[in-house]
Amino acid sequence: MKQFPVVKATGSHYEVGKAIGEAMADAIRDALDKNKHHMAQKFSQYMETSNRYRVFAEKFFPQYIDELKGVVEGAGVSFDELFFSNNREVDHYIPQIDSNHCTIIALPQGNGYVLGHNEDWDPEALSQLYILDAEIDGVKLFALNYADMLLGVSVAMNGYGLVEAVNDLFHQDAQLGVPKNFIARAILDCK
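Nothing here was measured: the structure is a model prediction, and the numbers come from that model.

The rules behind the values
Residues numbered from 1 in each chain as written. Predicted model: local features only at pLDDT ≥ 70, side-chain atom pairs only at ≥ 80, totals over all residues. Heavy atoms only, no water. 1 Å grid on protein atoms, 1.4 Å probe; cavity = no way out; pocket = protein on both sides within 12 Å on 5 of 7 lines; lining within 4 Å. Points joined across faces, edges and corners; volume = space filled by probe spheres on them. Helix = DSSP H or I, 4+ residues; strand = E, 2+ residues; numbered from the N terminus. Nonpolar A, V, L, I, M, F, W, Y, C, P; charged D, E, K, R; others polar. Axes fitted to C-alpha atoms, helices over the stretch in contact; angles between N-to-C directions. Parallel < 35°, antiparallel > 145°, perpendicular 65-115°, else oblique. Contact = heavy atoms within 4.5 Å.

Asker: Looking at this structure, I do not really get empty space enclosed by the protein. What am I missing?
Answerer: With a probe scaled to a water molecule rolled over the atoms, the places where space remains empty come into view. Enumeration over the complete set of coordinates arrives at 1 cavity of 30 Å³ or more. Here the largest cavity is characterised by a volume of approximately 70 Å³. Looking at the largest cavity, the residues that line it are Ile20, Glu67, Leu68, Val71, Leu82, Tyr130, Asn145, Ala147, Asp148, Met149, Leu150 and Leu151. With 3 residues, the single largest contributor to the lining of the largest cavity is helix α4 (residues 62–75). Classifying every residue of the lining of the largest cavity gives 9 nonpolar, 1 polar and 2 charged.

Asker: Which parts of the structure should I look at to understand the packing of helix α3 (residues 43–60) against α4?
Answerer: Packed helices, taken two at a time, are described by the angle their axes make and the gap between the axes. In the contact formed by α3 and α4, the axes pass within 5 Å of each other and the chain directions differ by 110°. Classified by the angle between their axes, α3 and α4 sit roughly perpendicular to one another. The residues of α4 that touch α3, namely those facing Ala57, Glu58, Lys59 and Phe60, are Pro62, Gln63 and Ile65. Looking at the contact of α3 with α4, its residues break down into 4 nonpolar, 1 polar and 2 charged.

Asker: Any chance you could explain the packing of α4 against helix α6 (residues 180–187) here in plain terms?
Answerer: As a packed pair, α4 and α6 sit with axes 10 Å apart at the nearest point and diverge in direction by 105°. Relative to α6, the element α4 is oriented roughly perpendicular. Facing α4, whose interface residues are Tyr64, Ile65, Glu67 and Leu68, α6 presents Phe182, Arg185 and Ala186. Classifying every residue of the contact of α4 with α6 gives 5 nonpolar, no polar and 2 charged.

Structure follows, in structure tokens:
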């Protein structure tokens, strides 16, 4: 059974992002290199399209832009490439996904629920996963996450008792606006 790395950090969005970047640098670089490899000739075109979404993320969620900037400094990677990795609205490489993967279940248990989530859409992705135990600007977070992604794209909970488990929805025609990874991240700061 794989044991995921655990990253513990406290501080601002930037400081926690930097701690993630430092701890997961190899996995982040590997994920970004795989993006380039899988997209080959269209990579620069996809990057250009992705950058059109950046102004919306900066306007509505500057704190998560700071989180990504911390990851960039910690891992020594390109901000544009990391932003692109967090922008699934751009029509880029998506591996063939079997609909029998990534299941979320909740079972009644006493006065609450037991939540289960498997992250099995791509066996290669196991090397990208880590567990974060953090407090960011006063919000306690515990999450299973991908090294190159903002928090909230897998399964996580905050200190207010909110649990978020995400499965991806793929679409043909995305609207220009805030990328959904930023919206998933914002949910984790909610009371």
